[in-house]
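Here is what each chain is made of, one letter per residue.
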Amino acid sequence: MNTLTRRLIAKEFFQHRWMIASSTLAGVASLLVSAGPGIRYAIGSLLFITAFVSFGVVLAMISIATERKERMLQFVLSLPVSYADYVRIKVWSLLACYAGPWLVMSGGAVALVLATSHLPDGLTPFVVLLSGFMIANFSLVLSGALLARTEGVIVLLIIVTNMFVSLFLFLVSSLPGIAAFKDGAVPHWNATFWAVLAVELAVLVASCLAPYFIAARRRDFV
Amino acid sequence: MNHAKHIELAGVRKKFRFFTLENLDLDLEAGQIMGLVGPNGAGKSTTIRLITGLLAADAGTVRVLGHGMPEAQALAKRDIGFVSDEMKLFSHATVGWHMDFVASIYAGWDPQYAATLVKRFNLKPEQPVKGLSHGEHVKALLMLALARRPRLLILDEPTSGLDPVARHELLTEFTDVLRDDSRSILFSSHNTLDVERISDRITFIDRGRLVESRDKEDFLERWRRIQLQMPAGSALPELPDIIGRAVDGQFVTLTTNRFSADMLTHLGTAVREVHRMSLEEIFVANVMHHREARGE
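Residues numbered from 1 in each chain as written. Chains lettered and ligands numbered in written order. Predicted model: local features only at pLDDT ≥ 70, side-chain atom pairs only at ≥ 80, totals over all residues. Heavy atoms only, no water.

Q: Could you give me a rundown of the interface of chain A and chain B, with the residues and numbers involved?
A: The interface is formed by 26 residues belonging to chain A together with 32 residues belonging to chain B. Here chain A and chain B share an interface that buries about 2,700 Å² over both sides, 63% of which is from carbon and sulfur atoms. Counting the surface chain A buries against chain B, the share from its top three residues, Arg7(A), Gln74(A) and Phe75(A), is 25%. Scanning the region where chain A abuts chain B turns up six residue pairs in polar contact (both at pLDDT 80 or more). Counting residues per element, the ones that place at least two in the side of chain A that touches chain B are helix H1 (3-15), helix H4 (72-78) and helix H5 (83-115) of chain A. It is H1(A) that contributes the most residues to the side of chain A that touches chain B, seven residues altogether. Residues of the side of chain A that touches chain B, tallied by class, amount to 13 nonpolar, five polar and eight charged. (Contact = heavy atoms within 4.5 Å. Buried area = accessible area lost by both parts, 1.4 Å probe. Polar contact = N/O pair within 3.5 Å; in protein donor to acceptor, adjacent residues only side chain to side chain. Helix = DSSP H or I, 4+ residues; strand = E, 2+ residues; numbered from the N terminus. Nonpolar A, V, L, I, M, F, W, Y, C, P; charged D, E, K, R; others polar.)

Take a look at the structure:
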């Protein structure tokens, strides 16, 4: 990794340090709220999902769309870097920025399920899949924002990926291999779990690689 | 002087939906300041984007500091300082942060020169970029580009929107860069006064086509307005190289782009005055002549 790559990655962490910290804090706080039973759990879960999703969207938007819209991209591309390098650095640096809060929130959610008496441990595979979905969904937003040429496409992308959250919650929790065991006393790491996780992994990998191939063929960058 | 070409464009074509840059040939040698002059929408920024690798040509070749563009742009940009009036620094960071950032990337960063520029431009390293005025922002961009001591400085409308004092400071700085004759500057503007002041080579561009490219002194020496007073009933003698004529009664004003003493001899006693033309007048006359010649 050369100096420029390191500096650009460090720049992303510096630029988003407050957002990373506040989103992590919001995620942890919402988990603490959802540790309570009944309505507290419902509100906490909603806040948790909102914090998780909005962090990813805002991170990608500020780092990619705003950088382009406010013409900071021209400054970056005046540095000794190609557009393909820029795309590579953006993908990895934003994934790295997202990974910290993602690990804390995902780990916290699993710990909450396992440690809280009113939540069945059978919910753990679903929570793991939800975490996997969050990072896959973020990679889709990230990839789309890098590939989109207009603000309209980016807005559409945000709407669609937000709809995916509701779809995921509804569809995956209804899958027989998940629905039958999520209220159980022990987690079931069955074939359905692994199949969904594999799809999430495939989306994550494809989303991260797509900008490389498309950017390499793109000839105009501003 | 090192005569290696810093910029070479040959037969370059770039087509957009409503604009096409056609068959552009352009050379810039080391040690030169080239002013790229054209009206709004002429293709100046497109040309500069092709040179900096931000756009790829549909046809022709673009070589910068010996590197093919845009393929080798990362390599070429190690020695290029590029500033555009459309370029913005990171709004969340300070001027000082940007100095550290750029210094860590470029081996040629000159901290003493950077400090001199900061003082000369009245910049404050601790100031956040989002609080800078337009003029301060441009100065900060230029300071960051100049202090890395690039071999080629590319400036796209750098003085646009600046007050006269700020423009003077920047133009003085550009000429200082050329004290080292291995460096060169490509400078686009529609402000012909700025271009006339610092350029030693000038390229006129209009509606996506190169109109003319030559040394500034060549332009200033070759272009003249000649005022004649024709005796009643006499006809204007046929003259080559007259690209414009305006008749007002017995007074005739001729514009030529190949002025010579022979021309005055040929016109004889009808000549009343001969005016040198400013770069702006040359630019306008040249562009209008080429548009007419192309039937536009």
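Q: Explain the packing of H1(A) against H5(A) residue by residue, including any values.
A: Residues and elements named next belong to chain A. The geometry of H1 relative to H5 is characterised by a closest axis approach of 9 Å and an angle of 40° between their N-to-C directions. It follows that H1 is oblique to H5 by the angle criterion. Regarding H1 and H5, the two cross each other, and that crossing is right-handed. Together, Thr-5, Leu-8, Ile-9, Lys-11, Glu-12 and Phe-13 of H1 and Arg-88, Ile-89, Lys-90, Ser-93, Leu-94, Ala-96 and Cys-97 of H5 make up the contact between the two elements. Taken together, the residues that form the contact of H1 with H5 break down as seven nonpolar, two polar and four charged. (Axes fitted to C-alpha atoms, helices over the stretch in contact; angles between N-to-C directions. Parallel < 35°, antiparallel > 145°, perpendicular 65-115°, else oblique. Left-handed = near helix turned anticlockwise from the far one by under 90°.)

Q: Talk me through unusual backbone geometry; I want residue IDs and the actual numbers.
A: Among all residues save glycine, negative phi is the norm, and among peptide bonds the norm is trans. Residues and elements named next belong to chain B. Note the cis peptide between Met-69 and Pro-70, where omega equals 5°. Of note in this structure, Asn-23 is not a glycine but carries a positive phi near 45°. Looking at where Asn-23 falls in the secondary structure, it is placed in strand S2 (residues 20-29). A positive phi angle, close to 45°, is found at Arg-207, a residue other than glycine. Inspection of the secondary structure assignment puts Arg-207 in the loop between strand S9 (201-206) and strand S10 (209-215). A relative accessible area of 40% means that Arg-207 is categorised as partly exposed. (Buried < 20%, exposed > 50% of the residue type's maximum accessible area, 1.4 Å probe, protein only.)

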